[in-house]
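One-letter residues, chain by chain:
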Amino acid sequence: MAEHNELGKAGETAAVAYLEARGYVIRHRNWRKGHLELDIVAAKDNELIVVEVKTRSSNDVMQPEDAVTHQKIKNTVRAADTYIKLFQIDAPVRFDIIIFKFPDDESQLFIKRVIGLPGETVEIKDGKVYIDGSETALDDSFIPEKMQGSFGPYTVPDNCYF
């Protein structure tokens, strides 16, 4: 197996361990249907979580977060839509990106999160994120620093993500 594949597999294994330690149930790992692919599909608190994992070594030219392009997000959303239809899931869906940078400091974990898709309305009230006027805030229990303040409402434009 190529070195970058081993590194990616190690990142996904670490991401699964991280999620399971926080009460997430892993539904699928490396789920594929045709050319569609999802790194990790998890569930927690009646929510489906689609996780993209990016792992890079310190000598890579591109930062891991730079590999999550508009096209990658679009493909992940398309794959998630197929997954939801195939497994007949009726639950809110959240997209998370877990980014690992190895080997300089394996204890450091970076998480980025796509919280608003094109056409959705995002509002932050007292540090809690709400989508499309929902009365239930998004789960942010896995984020060590709590957000503060308020923002919006903001409608995410076409071909954009928040």
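Basis of the calculations
Residues numbered from 1 in each chain as written. Predicted model: local features only at pLDDT ≥ 70, side-chain atom pairs only at ≥ 80, totals over all residues. Heavy atoms only, no water. pLDDT = per-residue confidence, 0-100. Helix = DSSP H or I, 4+ residues; strand = E, 2+ residues; numbered from the N terminus. Contact = heavy atoms within 4.5 Å. Pairing = 2+ DSSP bridges. Axes fitted to C-alpha atoms, helices over the stretch in contact; angles between N-to-C directions. Phe/Tyr/Trp six-rings, centres within 6.5 Å; stacked < 30°, edge-to-face > 60°. Buried < 20%, exposed > 50% of the residue type's maximum accessible area, 1.4 Å probe, protein only. Expected span 1.5 Å × (residues − 1). Arc of directions from axis to C-beta. Core = buried A, V, L, I, M, F, W, Y, C linked by side-chain atoms within 4.5 Å.

J.: Explain the confidence of the model for the chain to me, please; I cannot follow it from the model alone.
T.: Low pLDDT means the predicted coordinates in that region are not meant to be read closely. Residues with a pLDDT of 70 or more make up 73% of the chain, whose mean pLDDT is 78. Taking the mean pLDDT of every element in the chain, the minimum, 55, falls on strand E5 (residues 109-114) and the maximum, 95, on strand E1 (residues 25-33). In this model, residues 58-62 is a region of pLDDT below 50 whose contacts with residues beyond four sequence positions or in other chains number five contacts.

J.: Sorry, what's going on with the sheet that holds strand E8 (residues 151-155) here?
T.: As summarised here, the arrangement of the three strands in space is E7-E6-E8, forming an open sheet in which the pairing is antiparallel. Looking at the sheet topology across the chains shown, the edges are occupied by strand E7 (128-131) and E8. Pairwise comparison of adjacent strand axes, ignoring direction, gives a mean angle of 15 degrees for this sheet. Relative to E8, strand E6 (residues 121-125) is paired through three bridges, and the arrangement is antiparallel.

J.: Would you mind going over the packing of aromatic side chains with me for this structure?
T.: The geometry of an aromatic ring pair comes down to the distance between the two centres and the angle between the two planes. Per the counting criterion, the structure on display carries three aromatic pairs. With centroids separated by 5.0 Å and ring planes inclined at 85 degrees, the aromatic side chains of tryptophan 31 and tyrosine 83 adopt a geometry described as edge-to-face. Here tyrosine 83 lies in helix H2 (residues 70-86) and tryptophan 31 lies in strand E1, a separation of 52 residues in the sequence. Neither residue differs from the other here; tryptophan 31 and tyrosine 83 are each classed as buried.

J.: I would appreciate a short explanation of H2 in the present structure.
T.: What sets the pattern is the α-helix's 3.6 residues per turn: residues three or four places apart point alike. Between the first and last C-alpha of H2 there are 24 Å, a value that for 17 residues agrees with the 24 Å anticipated at 1.5 Å per step. Those residues of H2 lying buried are Lys72, Ile73, Thr76, Ala79, Ala80, Tyr83 and Ile84. Buried residues of H2 fall within an arc of 140 degrees about the axis and therefore sit on the same side.

J.: Help me out: how do you make sense of the nonpolar core in this one?
T.: Side chains that are nonpolar tend, in soluble globular proteins, to be buried together. If you look at the biggest cluster of nonpolar residues, it comprises 13 residues, and the most contacted ones within it are Leu38, Val41, Leu48, Val50, Tyr83, Ile89 and Phe95. For this core, the elements supplying multiple residues, two or more each, are strand E2 (36-44), strand E3 (47-57) and H2. Element by element, the count of residues in this core is highest for H2, at four residues. Leucine 38 has contacts with Arg29, Asn30, Trp31, Val50, Thr76, Ala79, Ala80 and Tyr83, leaving out every residue within four places of it along the chain. Judged by nonpolar contacts, the second largest core, of 11 residues, contains Ala15, Val16, Tyr24 and Ile98.

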